[in-house]
Amino acid sequence: MSPTPREVFLRLVHGVAEARFDELPGLYAEATDVRHPMATPESAPLTARAELAEHFGVPPEVRPTLPKRRVVDPVVHETTDPEVIIAEFAYEFERPGGATARVPCVFVMRIRDGEIVESRDYIDPIRTYLARGDADLLIDEIRRAAD
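Because the structure is a prediction, the values reported are computed rather than measured. Starting from 1, residues in each chain are numbered consecutively following that chain's sequence as written. Totals for whole chains, interfaces and linings use all residues, but because this is a predicted model, local features are given only for residues with pLDDT of at least 70 and pairs of side-chain atoms are given and counted only at 80 or more. The basis for every side-chain value is the complete set of heavy atoms in the structure, and neither hydrogens nor water enter the calculation.

Concerning the overall build of the protein chain
(1) Moving on: A tally of helices and strands in the protein chain yields four helices and six strands.
(2) Moving on: Secondary structure elements of the protein chain, listed N to C terminal, follow the sequence α-β-β-α-β-β-β-β-α-α.
(3) Moving on: The C-alpha radius of gyration computed for the protein chain amounts to 15 Å, which stays within 12% of the reference 15 Å derived for 147 residues, consistent with globular compactness.
(4) Moving on: Expressed along its principal axes, the backbone C-alpha trace of the protein chain runs to roughly 45 × 35 × 30 Å.
(5) Moving on: Taking all 147 residues of the protein chain together, the buried fraction comes to 36%. The helix count covers DSSP runs of H or I at least four residues long, the strand count covers runs of E at least two residues long, and both are numbered beginning at the N terminus. Just to be clear, the radius of gyration here is over C-alpha atoms, and the globule rule we use is 2.2 Å times residues to the power 0.38. Whether a residue is buried, partly exposed or exposed follows from its accessible area with a 1.4 Å probe, protein chains only, as a fraction of its type maximum: under 20%, in between, or over 50%, in that order.

Examining the nonpolar core
(1) Moving on: Counting residues in each nonpolar core, the largest one holds 30 residues, and the members touching the most others are F9, L12 and Y91.
(2) Moving on: Taken together, the elements giving at least two residues each to this core come down to helix 1 (5-17), strand 1 (28-35), strand 3 (69-78), strand 4 (84-94) and strand 5 (100-112).
(3) Moving on: Considering each element in turn, this core owes the most residues, seven residues, to helix 1.
(4) Moving on: Ignoring any residue separated from it by four or fewer positions in sequence, one finds L12 in contact with L24, L27, Y28, F56, F107, M109 and I116. Think of a nonpolar core as a cluster: buried Ala, Val, Leu, Ile, Met, Phe, Trp, Tyr and Cys residues, connected wherever their side-chain atoms sit within 4.5 Å. Any two residues whose heavy atoms approach within 4.5 Å are treated as being in contact.

Details of the UniProt feature "domain: SnoaL-like" (unreviewed entry) in the protein chain
(1) Moving on: UniProt positions are given in the numbering used here, feature names are shortened, and annotations may be inferred rather than shown by experiment. UniProt's feature table lists "domain: SnoaL-like" (unreviewed entry) at residues 11-118, given in the numbering used throughout.
(2) Moving on: The span residues 11-118 is 13% helix and 45% strand, and its two end C-alpha atoms sit 16 Å from each other.

Focus on the packing of aromatic side chains
(1) Moving on: Here the aromatic set is Phe, Tyr and Trp, taking the six-membered ring for Trp, and pairing holds for ring centres within 6.5 Å; pairs whose planes are under 30 degrees apart are stacked, those over 60 apart are edge-to-face, and all others are tilted. Counting across every chain of the model gives five aromatic pairs.
(2) Moving on: Here F9 and F107 contribute two aromatic rings whose centre-to-centre distance is 6.3 Å and whose plane-to-plane angle is 85°, an arrangement assigned as edge-to-face. Placement of the pair is F9 in helix 1 and F107 in strand 5, with a sequence separation of 98 residues. With respect to burial, F9 and F107 carry one shared label: buried.
(3) Moving on: Centre to centre, the rings of Y28 and F56 are 6.3 Å apart; their planes meet at 40°, and the pair counts as tilted.

Structure representation (structure tokens):
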């Protein structure tokens, strides 16, 4: 039996938080439609599992240097369509000195036969850059987008 949409969502977000990037493309259908409507800069839709593999392609040697994060307060809303869920949660980043930073997220997902076939991932881009300690990168991205 295929995993439920809730189970797939939880595998995805915990896999991201735990830097298990090699496992994540397998959660998506071969043909999919993943969009990040709030991305800064704008990003093109990801429409194939191979594109997701590239999207999650963080080299193993870099993974230990990524800021630690965890999934907090996940709430999954089921809809009248058994394939579609709306999931609210936050990534909580561990900052230097023990402080934390929260990045709220909402995902609207269609999961068929245990694979993500559509997803709209609403993630606050400014809070994400700041939580990761990448304010300079955010400024550079904004400047490039403005040119």
